[in-house]
Amino acid sequence: MANVDAAYGLALHEDNSQSSLITCVIPSGDGTATFVGDAVKLYDLDSVRIDGGPYALPVVQAAATDPIFGVVMGFNQVIPSGMDLGRRHRPVSTSMYCFVKPAHPLDIYRIQCDDDTETIAVSDIGSNADIVVGSGDTISGMSGMELNSDTTAATAGLQLKIVGFVDRPSNQVGVANQDVLVTINQNQAFNDAGVAGVAE
């Protein structure tokens, strides 16, 4: 049985930290579209606000190897030009408030593997890996981020730690496009450097 190839970014699987979402700002100077499930990092600006709204931490989409501040859970679709309830993502170069789940080492997320040239196996549990950024879906609003299966290693400086596999009949372990369970290893709130994984 083949797994469905449908990236969705990081989806919260176990909210063990029970931490609240925080409001952040993606500034208009950022030219990358942002989606639900995207990992984000702090942006090098002072706190900003939109159209007289609350001041908030600026964030932008994280790239591979960037320590992660949190994961986008949704967007406030009110912007200076008006409201668009049909829009589920943040378009390029648009100032927008987003709601972020701060990265916490106890929280567990699920994410699809790209499994392009190497396939994640049971022996990879405990290893670390980076993300790979793909194009998000402007219709569903979902992220295109996946776990980069080529990067699995015990190296501390990798973004995610593999802790298991999603247990459902439609997720076949060891087959391309499988869903794995991860924690955020390189974490801007707790440990930028990350923690070494187990040897493969």
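Quick summary incoming for the structure in this document. In this text, all values refer to a predicted model and were calculated from it rather than measured experimentally.

Attention shifts here to the sheet that holds strand β2 (residues 22-26). Spatially, 5 strands are ordered β2-β4-β3-β5-β8 in a closed barrel, and the strand pairing comes out mixed. Across the sheet, the mean angle from the axis of one strand to that of its neighbour is 55°, orientation sign disregarded.

Structurally, the position occupied by Leu181 is in strand β14 (residues 179-184). Residue class for Leu181 comes out buried when judged on its relative accessible area of 12%. If we skip the residues at most four places from it in the chain, Leu181 touches His13, Ile108, Tyr109, Arg110, Lys161, Ile162, Val163, Gly164, Phe165 and Val166.

Moving on, we get to unusual backbone geometry. The backbone of Ser93 sits at a positive phi, close to 55°, despite the residue not being glycine. Relative to the assigned elements, Ser93 resides in the loop between β7 (82-83) and β8 (96-102). A relative accessible area of 47% places Ser93 in the partly exposed class. A positive phi angle is found at Asp115, which is not glycine, with a value near 45°. Here Asp115 shows up in the loop between β9 (108-112) and β10 (128-129).

Once that is clear, we can look at the sheet that holds β14. Taking strand neighbours across the sheet as the criterion, the 5 strands line up as β1-β9-β14-β13-β10 in an open arrangement whose pairing is antiparallel. At either margin of the open sheet sits one strand with a lone partner, and together these are β1 (11-14) and β10. Where strand β13 (residues 160-165) lies against β14, 5 bridges are found, and the strand directions are antiparallel. Within the sheet, the bridge partner assigned to Lys161 lies in β14 and is Thr183.

In this section: the side chain of Asn128. Relative to the elements of secondary structure, Asn128 occurs in strand β10. A polar side-chain atom of Asn128 sits 2.8 Å from the main-chain carbonyl oxygen of Thr155.

A few words on the packing of aromatic side chains. This model, assessed by the stated rule, comprises 0 aromatic pairs. A cation sits over an aromatic face here: Arg110 above Tyr8, 4.9 Å from the ring centre.

Basis of the calculations
Residues numbered from 1 in each chain as written. Predicted model: local features only at pLDDT ≥ 70, side-chain atom pairs only at ≥ 80, totals over all residues. Heavy atoms only, no water. Pairing = 2+ DSSP bridges. Helix = DSSP H or I, 4+ residues; strand = E, 2+ residues; numbered from the N terminus. Axes fitted to C-alpha atoms, helices over the stretch in contact; angles between N-to-C directions. Buried < 20%, exposed > 50% of the residue type's maximum accessible area, 1.4 Å probe, protein only. Contact = heavy atoms within 4.5 Å. Polar contact = N/O pair within 3.5 Å; in protein donor to acceptor, adjacent residues only side chain to side chain. Phe/Tyr/Trp six-rings, centres within 6.5 Å; stacked < 30°, edge-to-face > 60°. Lys NZ or Arg CZ within 6 Å of the ring centre and 35° of its normal.

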